[in-house]
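Listed below, chain by chain, are the residues.
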Amino acid sequence: MTTTTGSTTTLLTQGDRTRRRSSKRVEPIYYLFLLPTVLLFTLAITVPGIIGIFFSLTDSIGLGEWNFIGFTNYIALFSDPAILQSYLFTAGFAVATVIVVNIAAFMLAVGLTSRIRFKTGLRTIFVIPMVISGIIIAYVFNFLFSNSLPSAGSALGVPWLQESLLANPDLAWTAIVIVTAWQAIPGTLLIYIAGLLSVPGDVYEAADIDGASKRQQLLRITIPLVAGYVVINVILGFKGFLNAYDIIVGLTGGGPGTATRSVAMTIIAGFNGGDYAYQMANATIFFIVAVLLSLLQLSLTRGRNKV
C-alpha cells in the first residue's frame, strides 16, 4: 500500500509539473500576430529615434555633410535662454492647465452622476469638444479673443476687455490655458465619471443613515475613493500638455514674441530653420523628461488598478 501510494503521488506530482510547463508555453501563433506590430513600431519609432539621437551629437543642418561634435549641443542647451524659456513656459502652462482641467472635470462629473434630469444628454454635450480638431478650436477662439471680446468690451465700456488677451505678453498664456482646458475637460470627465460610478452605493446609504451631509460625503467618501483616478488624470494630463503645439499655433503662433512658445514649437521651428542637430538634442532631452514622467505614472498607479 505504501509503495502504491508513493507511486501515485509521484505520478500526480509529475503530471502537475507537466501541466505547469505546458501552461507557461506560448503558442507560436501569438508571435506571428506580434511580429507585424513590433516590426512597424521598430521601423516607425525606434529606428528614427536612434538616428535622431545620433545626429544630436553632430552639427548636421538636416542635409548635406556633417561632423561629429559630441555633447556640444547638449551643453549649449542648458545655457540657451530661449530653450530655458520654452521649458519654463511649457511646465507652467502644463501645471496650470492640469489644475483647471481636473477641478472643472471633477465638479462636472459629480454633477453628472447625481440624480438630475437629462444627465445622459448633458454627458453627450460635454464630450463634444473632445472630438473636434485642436487647430479648428484654436482658430475659432482666436477670432473670439481678437474680435468678439474686444468689441463687447468697447460696447460695455470695460477697458481691460477691449484689448485682446492674445496681444498681451503677460496674459496670452491664460487664453491658451482656457482653450486647452475646454478641449481636455471631456476626456478627464469620462475617467472621473467611471471612477464615481465604481463607488458602491451602499457606502453613501450608510453615510446618510449616520447623518453625514453631502459635503462630508464628498470630502470623506468620494474624494478618497477616487484618489486613484485623480492620480491617473493628473499624470496623463501633465504629459499630454507638455506636448502642446496645435492650439498654441492657432492662437498665438508662439507670440507675442516668444512669450508662449512651447518646447514642441521650439523643436519644430529649429527643424524648419536649419538647426536640425541642435533641436534634435533638445528633442532627446524632452524625450527623457517624458520617459521619467511615464515611470512616475507607473510607480504611482501600480497597485491602483483594482480601484
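The structure displayed is predicted, hence computed values, not measured ones.

Visitor: Just checking my understanding: could you explain the overall build of the protein chain for this structure?
Guide: When you go through the protein chain residue by residue, the secondary structure sums to 13 helices and 0 strands. Reading the protein chain from its N terminus to its C terminus gives the helix and strand order α-α-α-α-α-α-α-α-α-α-α-α-α. At 27 Å, the protein chain has a C-alpha radius of gyration far larger than the 19 Å of a compact globule built from 307 residues. Principal-axis analysis of the C-alpha atoms places the extent of the protein chain at approximately 100 × 70 × 30 Å. The proportion of buried residues among the 307 residues of the protein chain is 32%. Long-range pairs, those at least 24 residues apart, make up 69% of the contacts in the protein chain with a sequence separation of at least 6. Carbon and sulfur atoms provide 69% of the accessible area of the protein chain, an area that totals close to 19000 Å². The positive charge centre, built from 18 side chains, and the negative charge centre, built from 13, are 18 Å apart in the protein chain.

Visitor: Honestly, a nonpolar patch on the surface in this entry has me stumped. Any pointers?
Guide: Together, I116, F118, L122, I125, F126, I128, M130, V131 and L190 make up an exposed nonpolar region whose accessible area comes to about 820 Å². Ranked by the residues each element gives to the nonpolar patch, the list is headed by helix 5 (residues 119-127), at 3 residues. With a relative accessible area of 37%, I116 lands in the partly exposed category.

Visitor: I keep staring at the nonpolar core and nothing clicks. Help me out?
Guide: Within soluble globular proteins, side chains that are nonpolar generally end up buried alongside one another. F93, F145, V179, F241 and L251 are the most contacted members of the largest nonpolar core, which has 40 residues in total. Counting residues per element, the ones that place at least two in this core are helix 4 (81-112), helix 6 (134-156), helix 7 (172-197), helix 10 (227-242), helix 11 (246-251), helix 12 (263-272) and helix 13 (276-301). With residues up to four places along the chain from it excluded, the contact list for V179 reads I137, F141, F145, I247 and L251. In this structure, L57, L77, Y278 and A281 belong to the second largest nonpolar core, which totals 6 residues.

Each value, and the rule that gives it
Residues numbered from 1 in each chain as written. Predicted model: local features only at pLDDT ≥ 70, side-chain atom pairs only at ≥ 80, totals over all residues. Heavy atoms only, no water. Helix = DSSP H or I, 4+ residues; strand = E, 2+ residues; numbered from the N terminus. Rg over C-alpha atoms; globule rule 2.2 N^0.38 Å. Buried < 20%, exposed > 50% of the residue type's maximum accessible area, 1.4 Å probe, protein only. Contact = heavy atoms within 4.5 Å. Areas by Shrake-Rupley, 256 points an atom, 1.4 Å probe, with all protein chains shown as cover. Lys, Arg positive; Asp, Glu negative; His and termini not counted. Charge placed at Lys NZ, Arg CZ, Asp CG, Glu CD. Patch = residues over 30% accessible without salt bridge, like charges linked within 9 Å, V, L, I, M, F, W, Y side chains within 5 Å. Salt bridge = Lys/Arg side-chain N within 4 Å of Asp/Glu carboxyl O. Core = buried A, V, L, I, M, F, W, Y, C linked by side-chain atoms within 4.5 Å.

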